[in-house]
Amino acid sequence: QVQFVESGGGLVQPGGSLRLSCVASGNHFEVYVGAWYRQVPGKQRELVAGIATDDRTFYEDFVQDRFTISRDNAKNTLYLQMNSLKPEDTAVYYCNKGLTLEPSHLGSWGQGTQVTVSP
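Definitions and limits used
Residues numbered from 1 in each chain as written. Predicted model: local features only at pLDDT ≥ 70, side-chain atom pairs only at ≥ 80, totals over all residues. Heavy atoms only, no water. Disulfide = S-S within 2.5 Å. Helix = DSSP H or I, 4+ residues; strand = E, 2+ residues; numbered from the N terminus. Buried < 20%, exposed > 50% of the residue type's maximum accessible area, 1.4 Å probe, protein only. Pairing = 2+ DSSP bridges. Axes fitted to C-alpha atoms, helices over the stretch in contact; angles between N-to-C directions. Phe/Tyr/Trp six-rings, centres within 6.5 Å; stacked < 30°, edge-to-face > 60°. Lys NZ or Arg CZ within 6 Å of the ring centre and 35° of its normal.

1. A short note on the state of the cysteines
One covalent bond between the sulfur atoms of two cysteine residues makes up a disulfide.
Here comes step 1: Here the structure, examined in full by the defined rule, presents 1 disulfide.
Here comes step 2: Covalently, Cys 22 is tied to Cys 95 through a disulfide, its sulfur atoms 1.8 Å apart. Here Cys 22 and Cys 95 share a disulfide; its torsion about the S-S bond, 65°, makes the bridge right-handed. A residue pair is termed long-range when its members are at least 10 positions apart, and Cys 22 in strand S3 (residues 18-24) and Cys 95 in strand S9 (residues 91-98) qualify at 73 residues.
Here comes step 3: On the basis of relative accessible area, Cys 22 is assigned to the buried category, the value being 0%.

See the structure below:
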């Protein structure tokens, strides 16, 4: 079964905005920590932002004050609002969830959604 379906990526100019969505399969979505990751060719996948079961959020420094992660538990969905985009944000963005974000607790990776920031 498909565990995650990401959408909302695209081509945007520097300074622009995108909102990514991620629909997760499975029951009891509300008990999981959700997260967004990104990956550039030739580099390791990296954590971008996370959201805990109590809606507390955490962000890597390079997206702090620009990106906002949120969740809609009734829709099994994670969101990533991205503002003030920079060329270095260009990557494939993936979502995932787990009781923790330890790699062994995460689900299978989806196909991701491409974000390209370019003039």
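Don't stop here, the text continues.
2. Some points on the pairing of strand S4 (residues 33-39)
Here comes step 1: The buried count for S4 comes to 6 of 7 residues, which makes it a mostly enclosed element.
Here comes step 2: Of the pairings in the sheet, the one linking S4 to S9 comprises 7 bridges and is antiparallel in character. Residue pairing in the sheet places Trp 36 in a bridge with Cys 95 of S9.

3. Overview of the sheet that holds strand S6 (residues 57-59)
Here comes step 1: Taken together, the 6 strands give an open sheet; going across it, the order is S2-S10-S9-S4-S5-S6, and neighbouring strands pair in mixed fashion. Every other strand in the sheet has two partners, leaving strand S2 (10-12) and S6 as the edge strands with one partner each. Each strand axis lies, on average, 25° off the axis of its neighbour in the sheet, ignoring direction.
Here comes step 2: Direction of pairing for S2 relative to strand S10 (residues 113-117): parallel, over a ladder of 3 bridges. Along S10, the bridge assignment pairs Val 12 with Val 117.

4. Considering the packing of aromatic side chains
Here comes step 1: Throughout the structure, instances matching the rule amount to 2 aromatic pairs.
Here comes step 2: Aromatic pair Tyr 37 and Trp 109: ring centres 5.1 Å apart, planes at 90°, arrangement edge-to-face. Residue Tyr 37 is found in strand S4, and its partner Trp 109 is found in the loop between S9 and S10; the two are separated by 72 residues along the sequence.
Here comes step 3: What makes Tyr 37 buried here is its relative accessible area of 8%.
Here comes step 4: Relative accessible area serves as the criterion here: at 33%, Trp 109 is assigned to the partly exposed category.
Here comes step 5: Above the face of the Phe 29 ring, Arg 71 is positioned so that its terminal group lies 4.8 Å from the ring centre.
Here comes step 6: Above the plane of the ring of Tyr 32 lies Lys 97, whose end atom (NZ or CZ) is 3.8 Å from the centre.

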